[in-house]
Each structure stands twice: as C-alpha cells, then as structure tokens.
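What follows is each chain in one-letter form.
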2 protein chains.
Amino acid sequence: MAASASIAGWEQLAASKRDAVAAKIPSEWRLPSSLSSQISETSKISVLSFPRESKILTEKELDLTENYDATSLIELMSTGKEKSYDVTLAFCKRAAIAQQCVNCLTEIFFDEALQRARQCDEYLEKEGKPIGPLHGLPISLKDSFNVKGVHATIGYVSFLANPPAQFNSALVDILFQAGAVFYVKTNLPQTMMTADSHNNIFGRTLNPNNLSLTAGGSTGGEGALIKMRGSVLGLTTDIAGSTRIPALCNGISALKPTASRLPFMGKVAPGRVVSPGSVLPAIGPAGVSIRDLELLMKTAIDSHPWHYDANVLNVPWRKVEPPKVPLRFGLIRGHPRRPLHPPIARALHTAATMLKEAGHTIVLLDDKIPDLWETALLTWKMFDLDPKKTPKQHVNASGEPWVPSIPTAAFAELKDWVASLNELWDTNLERAKILNTYRELVVENKLDAILLPGYQTTAVPHDTFGVPIYTMLVNFLNYPACILPFLKADKQSDAPFINKDANYEPPYEPEKVEGAPGAVQVMGLPMMDEELLEIVKVVEQVLVKG
Amino acid sequence: MAASASIAGWEQLAASKRDAVAAKIPSEWRLPSSLSSQISETSKISVLSFPRESKILTEKELDLTENYDATSLIELMSTGKEKSYDVTLAFCKRAAIAQQCVNCLTEIFFDEALQRARQCDEYLEKEGKPIGPLHGLPISLKDSFNVKGVHATIGYVSFLANPPAQFNSALVDILFQAGAVFYVKTNLPQTMMTADSHNNIFGRTLNPNNLSLTAGGSTGGEGALIKMRGSVLGLTTDIAGSTRIPALCNGISALKPTASRLPFMGKVAPGRVVSPGSVLPAIGPAGVSIRDLELLMKTAIDSHPWHYDANVLNVPWRKVEPPKVPLRFGLIRGHPRRPLHPPIARALHTAATMLKEAGHTIVLLDDKIPDLWETALLTWKMFDLDPKKTPKQHVNASGEPWVPSIPTAAFAELKDWVASLNELWDTNLERAKILNTYRELVVENKLDAILLPGYQTTAVPHDTFGVPIYTMLVNFLNYPACILPFLKADKQSDAPFINKDANYEPPYEPEKVEGAPGAVQVMGLPMMDEELLEIVKVVEQVLVKG
C-alpha cells in the first residue's frame, strides 16, 4: 500500500501536494492580505469573523452558512426555497476561507460538488421530490473517508504514492444516495493517535477561536471547519476521543455512537486492520445542532449499512420519544492525575448545578468507579497490539519525521511495554471487570446518562494536549457520548475553581486559554444512542437554551 | 479455582460424586431390571419407549410430558388448569428415567424443584395471575449454568473440590423471575470441545434413539433428555455447534442465536475467559417446538439481560410478523473433505426440493462461498488462543485422563500450530474477508436464509464424530441458526444418494445409523434471530406439517 516516497525527497512531495490543494481555491476566494497577514500558529487572535470581514461571501451566503443547521438547510432545499447549488457554493467559499485561516482541509473538490449540487436541483425540479433525507446538503469528511477519484493520504507522505480512490467508502455511498454533496476532506494528525491535527503533508490545523491553541484531533480539520461554518455537518471517527476532542476544542457538538452502528468499510486506516483488541473505533457525526447528529445517524442506519459492511450491527435506528423527566445523571469529576482545570471544573459544576436546579438528580460517581488512570492505561494497551508497528512503517516509508506531538500523546508507563497474546487475555479480563462495575452503577442508580468532562481543560497550546483519559473511558466502555459546548474560559469566573493542591497537566495558564470554549461530555448507555440524543436535547435546553 | 483433587485419587472422587447423584433418584423411580438390563453403550436399541414401559409415570404424567410443548404447558399452568407441582413431578420422574437410560444428568435437585413448583401454584392462587411468562415450567440446564447451592463441575474432576455455587447465573435468575422451575443440570464433554458428551465424573451420555450412537455435544445431556421428554425446554451453549449438534443427533429443535443476546454472566467456563478471539459463544434454547425457542428468547430479552451482563447487546426482542412468502434460500451442500452421507444428502435434497415446490427460491451457493474447510481451520484457531492451555490445566489438576474423543475433535493440520498475537491480526483479516463475501452473497441474492447441513451425517457411533465444520461456519460468521429435525436414516431410501467418489468421514455404515434422526440447518442473518424463527416456522410447515 505504502510505496516508498523517499526517493523524491519527502519535503518536495509534500510541498507539491500542498500546492495542488491550494490551487483548487479560485483566486477570487483568496483572503485579502490584511487578513491573511494576521494568521500564524502563534497568534492568539480569533478568526471567526474573517469569513464576514473577507467580503468574499455575499450577504445571502453569509446568512446561509451562519444561520441554519443541516436540518433547516435541507428543509429549504427540499422544498425548492433554496438551490443546493447556491448553498453548496456558499459552503465552498466559506470552506476555502476556513482553509486559509486555520488550514483545516486536505482535499478540495469544489467543481465536482457544484456539479453534484446542480444534479440535486435538477432532480427536485424534474421529479418533484428530494433525492433523499440529505437532499443537496454539503457534508465534509475526515480525510480517511474514500471519495472516488480523490486522494486519501491521511497525512502519511508515503501514501502520496497511492492512486486516487477507486471507490467511495460505504458511508460515503450511503450518504450520497441520501442526497449529500461532498466538497472537501479535512485534516488529521499523522497516525491519528495524537490530539494535534498535524502532519507532514498538510501541516497543522489551528483553532479558529484562538490560533495559538490546538484544534484537537484526530478529526481536528472537521472541528475547525465546522466552527468556521465552512460546514454544518461532518463525518469523524473516534477510538480514543477523535470525534469529541475537536468538538470540545473548537466549540461544536459531536456524537461518538456505540461502535459498529456506522460502517468503516472502504475507509483508509492509519494502522493495521483488524485489531484483536476489544476497544473499537466508531464513526460519528460532528455539527452545529443535536438534531443534525440524529439526522445523520438515522439516515445512515435507515439505509441498512449492514448491507455494506459485515461489521455493522443489523439494529434499526429506533424512533424514541423525549425522555421522561426528571432524569438521573451520574457525575464523574475527574482523576487526580488529570485534575480539571478551573474553566472545565466551573463548566461541569455549573452544568450539574443547573440540571439539579431543573429537578434532575445527580449521583456522584467519583468514589465508586474504578481508577480512571488505570482504565486509560488498559485502553492504551489495546491501541498498541500490532507487533508490526504498521503506523511506524507508514511513516518510515517516506523518510518523514514524527510530528512533535506524537511523544506527548502516549503513556510514559507504557514506553517499554510489549504486547503479548497472553497479556491480552488478562487485559480483556480487567476490562470485563470494569465494564461490570459501570453496568452495576448504572443499574443500581437507575442512571439515564453520565455527565463527565470531555477533557480536563479547554483547547490548550499546540503540542501540549497529552493523553485524553476522559474521552478514552467512553471508548473503553463502548458507551455512546456527546460533546455539548458550554461556557468559555474566563479567568475571573474560573478563579474560585482553582485548586491549589492540583497538579494541572498541561499547566493551567489562564491568559493563554482565555475565551476558549468549554464543554461537557454526556455519556449514554450502550446501544441507546437514540435515547442519548434525546437526553442531550434536555441537557442543552437546561444549560444553553433554557 | 481448580484445587488439586489428585490426592484422593480421581476415580474415587468421581465415583463418589456419581453415587451422590444416583442417590437423588427415589427408589420408586428406578427402572425395572427388565429394562435396565438392556442398557449399554454398545446396544443399538432405542429407549424412547422406556418411560412408558417402566410404568413409573401415571397416564396423566405420560400425557403431560409427551403431548405438550412449553408454551402449551405454561398456558395450562397459568390458567390453573394444571398445577406446576404436577407438571414438575412428571418431568422429575421422566428425567430420572432418562438418566437411567442415557446418563444425561449431572445434578439432580428434585426436592427444591417441587418446592419451587408449589410456590408457583400458591402464587397463582393468591395473586390470581402467573409469576411470569414461564410460570411453573420445568427448565433443564447445561451443567455450566450456576444454580445456587448446586455444584457446577462441568465434568472436570478437579472442579469437584469447588464449593456449590453461591449464586445463580444471570440467565438462571432471569428465568426464575419469569416463573421457571429448575430441577436438573445436564451432561457435557470434558473441556466442552468435543461432540461426545463424555467426562470422567459423569461418564458418557447415550443417544436415546440408538444407544450405540453419540448424543452429540457439548450440550449432549440436554439433547438426550429433551428427546426422552424428560424436559421440553433447556438451556445450551454453542461456540462450534454445541447447541445444534445434540439437537441433530437426538432429533430435537434448537436455536443458536446471534452472540451477545443472552447473558453468560455467572456461568462456569471450561477454559480461560475472556478470549481475544473473534468467534464468540452464544447461549441458546433447545426444545420441542419453534415457538418455545422464541418464548425463551423473548422472555430472556424482555427481562433486560444487559442489566445483568455488560456483554449483552442492549437490543430489544422485536415482534416480527410472519415473513412475506415466497422466500429466497441460499443452499450449501457441503465440502469434499466432509461430503454429506446419504441420509443427510437426501434430507437436504428433499428439503430444498419441497421448499422449491412450495414456491420458494433456492440459490445454490456451493461455488460462491469461500472454502469451508479453510473457514473451519480459521475458526478452530480462534479456539486455541490461550497460551496457558487452561483446559489442560483443569484436567491435569486431578490426574484424570483425557476422554477418548478429544483427539478426534481437532484438526490434524493444527496439531503443532502455536497461536501468536501477530497471526491473530492476520486471522482476523481473513475472517473479515470471508464475512464480507457472505454479506455480499446475501445482499446480491436477496437471501432470507441459508439452508445447509448441520453435520455431514446423522448421529454416529461414539467417539467418531470429528470436527463439525458445518456448525462451525455459523459461529465463525456469527449468524443465528436453527436445527430442524427432518427425515431419518433409511438405507433403502438413502441408497440413491450414495456418491461412490466420496470419501465419507466418518465412514458411512448404513446399518449402524439406520433410523437415526436426520436434520437440516437453517441459518438466518445476523441480529435477525426474530426473523429466523419465523422463517423456520415456514420451513417446518413445508417439510413436516405441510
């Protein structure tokens, strides 16, 4: 798969790819130098206003990209009130701007997208009905999804030698048939196993709220693009937090569903497939509203993804009613090895308090759950089971170096650990015990969901993110979870939440993260993705819309 | 877990256990010597008439045990037309007779059962309603299920040192709450990995149709007990065919569901838990009617087994309508390494012909599926991943020898094979490819189910069963499958099906198997256990009831 690229010099190959991508942005969509000159990965500015300031989009295009979620855009397009062409053009422009601001894209195929959008419009006109539930909607994709005719290098220089995809990923096929328009793929980290979306082909994605902060990973390109409103709905993947970390870093919503509900068939993997580990990856949507996450899940699962991928559970998407209130929430407030920084301690405390005041019950779980650090170590072992070290081979094949965050995103305790078949049995047994404990806690306390941090702080400076133990817990358990943006870092409000005894990791530097988005993570119960989304709507109503 | 038993001499310990079990049968329920003297593992007689001939049961008890399925018995008991006490007493007597005929039991707890049955009757009288959907029904259990206060040695002499169970298995708890009455546990092979239900504690279970034939395994005790009508519904487990092999050997119905629908929590395992292999065991019901298999599944899953066991999928049991006919069946007629013996070639051919004549479509898959022998080898590798060889340790702990069938139930090709983590990745990849091929075949041919042999022949002489490649395929795929008894070995009718070029394995010896039950296996689609049972009802209507 990975032909040797080192002959031509990896830097040259990567630069040439970057140039080819940049050339896909028409000159009239280029940022004025008054804006572009402000952009650097050390600048603390927010670029969220740049699309408007750039004057590249019309007022109507600004409106279409800023004031609607996917559901409402589809409604407009399906009823002929707006053309998919116009909507797609608006998002192409805005994605082009986002790319110039935060470097969030890997592949650009605006021409194909506009052609597809025209097809959608023509279909509606001719047939008098929409193509499907996603009629005409531009959807962005993590680079690892295959789109026929488009590269999927996933940031490995060695993968530049691969030809463009000969076929669509199963999920791309499914969403296309439902009416989606694909126009960009988005950036991700080398190996996908670090939270800085940075690789040697496409470089680093920046956080649009504050360019000096990470956009998160591994689906960081999606997180930044959606926050810039260069997309309202995107496809992500998550085995340790890759859907949720970019969501919480950038301030958008995302769902990591129960594994095996959406199809991986036809995706490009950063390592060896099919792992014998018991912690499974999941594909999930990221977006700007909870109902959009639901729309994506329902549309995909209604399309019988098990017909495309034998690993997808043949389990229908259930229509569920809003939950009976009041609800019962477990609350996990963290682990001393990764204590919550004041902005997130405040967000979680405020969320729990508001839910309690709204009549819901909060059950504190901190003293009842197995040690979170140990659980994270077990989880990480499951990611390091390949004796062939395939990701390393992919990197070495081109001579490219490791990106700087790779060493920070691993457990020092496991530096010299070598996987063995024998230990895998033991690890599975440890996992089974922990799963059992959570099951008992949920049943005994009649919990509807569990509230916990998604990460110990907001987005942090580049290359300092470290190991994401709070998202990893969810993958370990294979429960579904949503990230809901909530509050922002505000050193004055956060000050009362400073714990002088805490050993903050990475360091708590209030000046550096001021204004960065906060978030809470809401974890549902296995296979109850449907119920989780309804519960998150209740939480959102209390915290944000109430 | 396995304390050393060798100090006391394993033979003595085992004999003492057998005596204790035998002592649980009241003297008035002992077979007359006119019958018992006929019983031996080399005799070719059927003992199916012995319960009636023994005159131990009243006419009413004969009627209750012979002429009803579980559903109709529960109906009688739930409406007060029959007492659970009377029904339970009848099945206790008949199980005692079965035990003396075919040695199918491991644990007997008639007194506790009769007491429980009284409770059920009193509950109905007092509350005016049944305890639950299994009100008062005697249910038999494979020895590996834990019943509080009862041993679970699963045939390892070393496990005799373990104390009686301190708790019920999760599924036992669930069925108890639904109204079940437990009265016996049933025999199984040493290690559970051979098809002769034979171990050094309880000895060998015989086939009630013909004592010189195997009762199958690993749930052979259930198969023989149910065929003797000493039970109408029993719990089995299946990782290579252990639910289905006894069903086809004895001539009863059984379902191996999709894995992870019924809870293993609290069961006793013959080896190390939790395997990193990707072929999973499943618990399933065996019985005398398809609707009873459905009743068991529905009752268990309606009880939220995921509240008891984190490995159970939180997926409701769906109420499905009878399928739209005509149906589309794939047909697999076997592999040259294990060609179908004439009785099963005839059964399968006749079934396919009758289904076709009834208007259904048959799609021949033999040339389209991956090599079945290679698939079986991959499956077997998944069973041999434990570097500690835990089952061997359990055997060696007491000094007991291996039972004779163990070496016959393994692949010669894998004799010197040693599992490794690296190869497990490759094996998973091979499995993924095969799963994908079957998925494509099902989708492209719009198959509702696949008809295939459960085994290449009927029950065979003891210790000659060998490797069960046709049941293993189903575990490998993790599809659900039912065994439906159909036709019997009849050398005259079978003669036209003799293939002179076939290398029958074990040898085809028509005299030895004359009259043994035939069967077909109907494999459904993953997670569509509900639909499979409805499809099997259609098949049964055409083949048996039509």
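Throughout, a residue's number is its position along its own chain's written sequence, starting from 1. Chains carry letters and ligands carry numbers; both start at the beginning, A for chains and 1 for ligands, and go up in the order they are written. With pLDDT at 70 or above as the cut-off, local features in this predicted model cover only qualifying residues; side-chain atom pairs require 80 or more to be listed or tallied, and sums for whole chains, interfaces and linings still use all residues. Water and hydrogen atoms play no part in the side-chain values, which are based on all heavy atoms of the structure.

Chain A has the name Amidase in an unreviewed UniProt entry, where Aaosphaeria arxii CBS 175.79 is given as its organism. According to the UniProt record, the Sequence similarities (unreviewed entry) comment for chain A reads "Belongs to the amidase family." UniProt positions are given in the numbering used here, feature names are shortened, and annotations may be inferred rather than shown by experiment.

Colleague: Just to check I follow, could you spell out the UniProt feature "binding site: substrate" (unreviewed entry) in chain A for this structure?
Modeller: All names here are of chain A. Following the UniProt record, one finds the feature "binding site: substrate" (unreviewed entry) at Met 192, Ser 218, Ile 239, Ala 240, Gly 241 and Ser 242. Separation in sequence by 51 residues is not matched in space for these annotated residues, since their most distant C-alpha atoms are only 10.5 Å apart. Mapped onto the elements, Ile 239 comes out in the loop between strand S6 (233–238) and helix H10 (244–250). Under the scheme applied here, a residue whose accessible area is under 20% of the maximum for its type counts as buried, over 50% as exposed, and between as partly exposed, the area being computed with a 1.4 Å probe on protein chains only. On the accessibility criterion, Ile 239 (22% relative accessible area) is partly exposed. One can find Ala 240 in the loop between S6 and H10. Overall, Ala 240 belongs to the buried group, its relative accessible area being 8%. Strands are runs of DSSP state E lasting at least two residues, helices are runs of H or I lasting at least four, and both sets are numbered from the N terminus onward.

Colleague: I keep staring at the relation of the copies chain A and chain B and nothing clicks. Help me out?
Modeller: One copy of the chain maps onto the second through a rotation about an axis and a displacement along it. Laying chain A over chain B is done by rotating through 180 degrees and shifting 0.0 Å along the axis; what remains is an RMSD of 0.0 Å. Such a combination of turn and shift is consistent with a two-fold rotation axis. For chain A, the smallest separation between a C-alpha atom and the rotation axis is recorded for Leu 421 of chain A, amounting to 2.5 Å. Of all interface residues in chain A, 100% are interface residues in chain B too; the two copies therefore contact each other through one and the same surface. For the least-squares superposition of copies, only C-alpha atoms count, and only for residues with pLDDT at least 70 in both. Whether two residues are in contact is decided by their heavy atoms: any pair within 4.5 Å suffices.

Colleague: Just checking my understanding: could you explain the interface of chain A and chain B for this structure?
Modeller: One frequent convention defines the size of an interface as the accessible area lost when the parts assemble. Taken together, the 38 residues of chain A in the interface contact 38 residues of chain B. When chain A packs against chain B, the two sides together hide about 3200 Å² of surface, and 67% of this comes from carbon and sulfur. One speaks of a salt bridge when a side-chain nitrogen belonging to Lys or Arg is within 4 Å of a carboxyl oxygen belonging to Asp or Glu. Summed over the shared surface of chain A and chain B, the number is two salt bridges. Arg 272 of chain B is paired through a salt bridge with Asp 426 of chain A; the nearest N and O atoms lie 3.0 Å apart. Definition of a polar contact: a pair of N or O atoms within 3.5 Å, with one able to donate and the other able to accept a hydrogen when the atoms are protein atoms, and with sequence-neighbouring residues admitted only if both atoms are side-chain atoms. If you look at where chain A meets chain B, you find twelve residue pairs in polar contact (both at pLDDT 80 or more). Just so you know the grouping, Ala, Val, Leu, Ile, Met, Phe, Trp, Tyr, Cys and Pro go in nonpolar, Asp, Glu, Lys and Arg go in charged, and all remaining residues, Gly too, go in polar. Among the residues making up the side of chain A that touches chain B, the classes are represented as 23 nonpolar, eight polar and seven charged. Here the buried area means the combined drop in accessible surface, using a 1.4 Å probe, for two parts upon being joined, counting both sides.

Colleague: Sorry if this is basic, but what is going on with the side chain of Asn 475 of chain A here?
Modeller: Residue and element names in this part refer to chain A. Mapped onto the fold, Asn 475 is located in helix H16 (residues 469–477). A polar contact of 3.2 Å, which involves the side chain of Asn 475, links it to the backbone oxygen of Ile 239. A polar atom in the side chain of Asn 475 sits 2.7 Å from the side chain of Arg 244. What Asn 475 contacts, discounting residues up to four positions off in sequence, is Asp 238, Ile 239, Ala 240, Gly 241, Arg 244, Lys 256 and Val 279.

Colleague: Just to check I follow, could you spell out the pattern of salt bridges for this structure?
Modeller: Here the idea is simple: oppositely charged side chains can pair when their charged atoms come close. All names here are of chain A. Under the defined criterion, the tally for this structure stands at 66 salt bridges over all chains. The residue Arg 318 makes a salt bridge to Glu 530 at a minimum N-O spacing of 3.0 Å. With Arg 318 in the loop between helix H11 (290–302) and strand S9 (328–331) and Glu 530 in helix H19 (residues 529–545), this pair connects stretches of sequence that are 212 residues apart. By relative accessible area, which is 2% here, Glu 530 ends up buried. Note that Arg 337 is salt-bridged to Glu 413, the shortest N-O span being 3.4 Å. Of this pair, Arg 337 sits in the loop between S9 and helix H12 (342–357) while Glu 413 sits in the loop between helix H14 (390–396) and helix H15 (421–444), and the two are 76 residues apart along the sequence. Note on Arg 337: relative accessible area 40%, which makes it partly exposed. Owing to a relative accessible area of 40%, Glu 413 belongs among the partly exposed residues under this scheme. Within this structure, Arg 261, Arg 318, Asp 529, Glu 530 and Glu 531 form a network of salt bridges that share partners.

Colleague: Sorry, what's going on with the packing of helix H4 (residues 59–66) of chain B against helix H6 (residues 84–102) of chain B here?
Modeller: The description of two helices packed together rests on the angle between their axes and the distance between the axes. Residue and element names in this part refer to chain B. In this description, a line fitted to the C-alpha atoms serves as the axis of each element, helices being fitted only across the stretch in contact, and the angle between N-to-C directions of two axes falls anywhere from 0 to 180 degrees. Interaxial distance between H4 and H6 falls to 9 Å at its minimum, and their mutual angle equals 85 degrees. Put simply, H4 runs roughly perpendicular to H6. Together, Lys 60, Glu 61, Leu 62, Leu 64, Thr 65 and Glu 66 of H4 and Asp 86, Val 87, Leu 89, Ala 90, Phe 91, Lys 93 and Arg 94 of H6 make up the contact between the two elements. Residues of the contact of H4 with H6, tallied by class, amount to six nonpolar, one polar and six charged. When an angle is under 35 degrees it counts as roughly parallel; over 145 it counts as roughly antiparallel; between 65 and 115 it counts as roughly perpendicular; any other value is oblique.

Colleague: Would you explain the side chain of Ser 405 of chain A in this entry?
Modeller: Residues and elements named next belong to chain A. In this fold, Ser 405 is placed in the loop between H14 and H15. On the basis of relative accessibility, which here comes to 0%, the residue Ser 405 falls in the buried class. Setting aside chain neighbours within four positions, we find Ser 405 in contact with Thr 194, Asp 196 and Asp 463.

Colleague: Where do I start with the sheet that holds S6 of chain A in this structure?
Modeller: Hydrogen bonds between backbone groups are what pair the strands of a sheet, and the pairing can be parallel or antiparallel. Residues and elements named next belong to chain A. Across the sheet, which stays open at both edges, the eleven strands sit in the order S1-S3-S2-S6-S8-S7-S12-S13-S11-S9-S10 with mixed pairing between neighbours. At either end of the open sheet lies a strand with only one pairing partner, and these are strand S1 (105–108) and strand S10 (361–364). Taken pair by pair, the neighbouring strands of this sheet meet at an average axis angle of 30 degrees, ignoring direction. Strand pairing requires that DSSP identify at least two bridges connecting the strands. Summarising the sheet, strand S12 (residues 481–488) and strand S13 (residues 517–523) pair through six bridges and their orientation is antiparallel. Residue pairing across strands places Pro 485 opposite Ala 519, the latter belonging to S13. Sheet strands touched by H19: strand S7 (253–256), S9, strand S11 (449–452), S12 and S13. Its angle to S12, the strand with the most contacts, is close to 10 degrees.

Colleague: When you look at unusual backbone geometry in this model, what are you seeing that I'm missing?
Modeller: Outside of glycine, negative phi angles account for most residues, and trans bonds account for most peptide bonds. Glu 505 of chain A connects to Pro 506 of chain A through a cis peptide bond whose omega is -5 degrees. Locating Pro 506 of chain A in the fold gives a position in the loop between helix H17 (491–494) and helix H18 (510–513). Geometrically, the link from Gly 217 of chain B to Ser 218 of chain B is a cis peptide bond, its omega value of 5 degrees lying close to zero. Along the chain, Ser 218 of chain B falls in the loop between strand S5 (203–204) and helix H9 (220–227). Unusually for a residue other than glycine, Lys 55 of chain A sits at a positive phi of about 60 degrees. By the secondary structure assignment, Lys 55 of chain A is in the loop between helix H3 (50–54) and helix H4 (59–66).

Colleague: When you look at helix H16 (residues 469–477) of chain B in this model, what are you seeing that I'm missing?
Modeller: The periodicity of an α-helix, 3.6 residues per turn, causes residues three or four positions apart to be oriented the same way. With nine of nine residues buried, H16 of chain B lies mostly within the body of the structure. Within the span of H16 of chain B, buried status applies to Ile 469, Tyr 470, Thr 471, Met 472, Leu 473, Val 474, Asn 475, Phe 476 and Leu 477 of chain B.

Colleague: I keep staring at the domain arrangement of chain A and nothing clicks. Help me out?
Modeller: All names here are of chain A. Each assigned domain of chain A is listed here: domain 1 (6–307) and domain 2 (328–545). Listed per partner, the contact involves 60 residues of domain 1 and 68 residues of domain 2. Across the domain 1 to domain 2 interface the summed buried area is about 5100 Å²; carbon plus sulfur atoms make up 60%. Joining domain 1 to domain 2, the criterion identifies five salt bridges. How far each domain reaches was decided by an automatic or database domain assignment.

Colleague: Where do I start with the sheet that holds strand S10 (residues 361–364) of chain B in this structure?
Modeller: All names here are of chain B. Strand order in this open sheet of eleven strands is S1-S3-S2-S6-S8-S7-S12-S13-S11-S9-S10, and the pairing throughout is mixed. Taken across any chain shown, the strands that pair with only one partner, and hence form the sheet edges, are strand S1 (105–108) and S10. Along the sheet, successive strands turn relative to each other by an average axial angle of 30 degrees, direction set aside. As paired strands, strand S6 (residues 233–238) and strand S8 (residues 282–287) are joined by six bridges and run antiparallel to one another. Directly across from Thr 237, in S8, lies its bridge partner Ile 283. On the sheet, H6 packs against S1, strand S2 (138–142) and strand S3 (181–186) and is oriented at approximately 10 degrees with respect to S3. Packing against the sheet, helix H8 (residues 170–177) makes contact with S2, S3, S6 and S8, and its axis sits at approximately 145 degrees to S3.

Colleague: Would you take a moment to explain the UniProt feature "active site" (unreviewed entry) in chain A for this structure?
Modeller: All names here are of chain A. The UniProt record annotates "active site" (unreviewed entry) at Lys 142, Ser 218 and Ser 242. Across 101 residues of sequence, these annotated residues stay compact in space, with a maximum C-alpha separation of 10.5 Å. Relative to the elements of secondary structure, Lys 142 occurs in strand S2 (residues 138–142). Here Lys 142 falls in the buried class, since its relative accessible area comes to 0%. Apart from the residues within four sequence positions on either side, Lys 142 is in contact with Lys 185, Thr 186, Leu 188, Met 192, Ser 218, Thr 219, Glu 222, Leu 235, Thr 236, Thr 237 and Ser 242. Relative to the helices and strands, Ser 242 resides in the loop between S6 and H10. A relative accessible area of 8% means that Ser 242 is categorised as buried. If near-sequence neighbours (up to four positions away) are discounted, Ser 242 is found in contact with Lys 142, Met 192, Gly 217, Ser 218, Thr 219 and Thr 237.

Colleague: Just checking my understanding: could you explain the nonpolar core for this structure?
Modeller: For soluble globular proteins, the rule of thumb is that nonpolar side chains tend to be buried together. Definition of nonpolar core: a set of buried residues of the types Ala, Val, Leu, Ile, Met, Phe, Trp, Tyr and Cys, connected through side-chain atoms within 4.5 Å. Counting 297 residues, the largest nonpolar core has Ile 139, Leu 175 and Phe 411 of chain A together with Ile 139, Leu 175 and Phe 411 of chain B as the members making the most contacts within it. Discounting chain neighbours no more than four positions away, the residues touching Phe 411 of chain B are Trp 373, Ala 376, Leu 377, Trp 380, Val 467, Ile 469 and Met 472 of chain B.

Colleague: It is not clear to me how the packing of aromatic side chains should be interpreted in this structure. Could you clarify?
Modeller: By convention here, two paired aromatic rings are described through the distance between centres and the angle between planes. Any pair of Phe, Tyr and Trp rings, taking the six-membered ring for Trp, is counted once the centres come within 6.5 Å. Such a pair is stacked with planes under 30 degrees apart, edge-to-face with planes over 60 apart, and tilted for the rest. Under the counting rule described, the total for this entry stands at 14 aromatic pairs over all chains. Ring centres of Trp 373 of chain A and Phe 411 of chain A lie 5.1 Å apart, and the angle between their planes is 70 degrees; on these two criteria the pair is classed as edge-to-face. Separated by 38 residues along the polypeptide, Trp 373 of chain A in helix H13 (residues 372–382) and Phe 411 of chain A in the loop between H14 and H15 bring together distant segments of the chain. Since its relative accessible area comes to 4%, Trp 373 of chain A is described here as buried. Given the relative accessible area of 4%, Phe 411 of chain A is considered buried. One aromatic cluster in this structure is built from Trp 373, Trp 380, Phe 383 and Phe 411 of chain A. Both a distance and an angle decide whether a charge sits over a ring: NZ of Lys or CZ of Arg must be within 6 Å of the ring centre and within 35 degrees of the ring normal. Over the ring of Phe 476 of chain B we find Arg 431 of chain B; its NZ or CZ atom is 5.6 Å from the centre of that ring.

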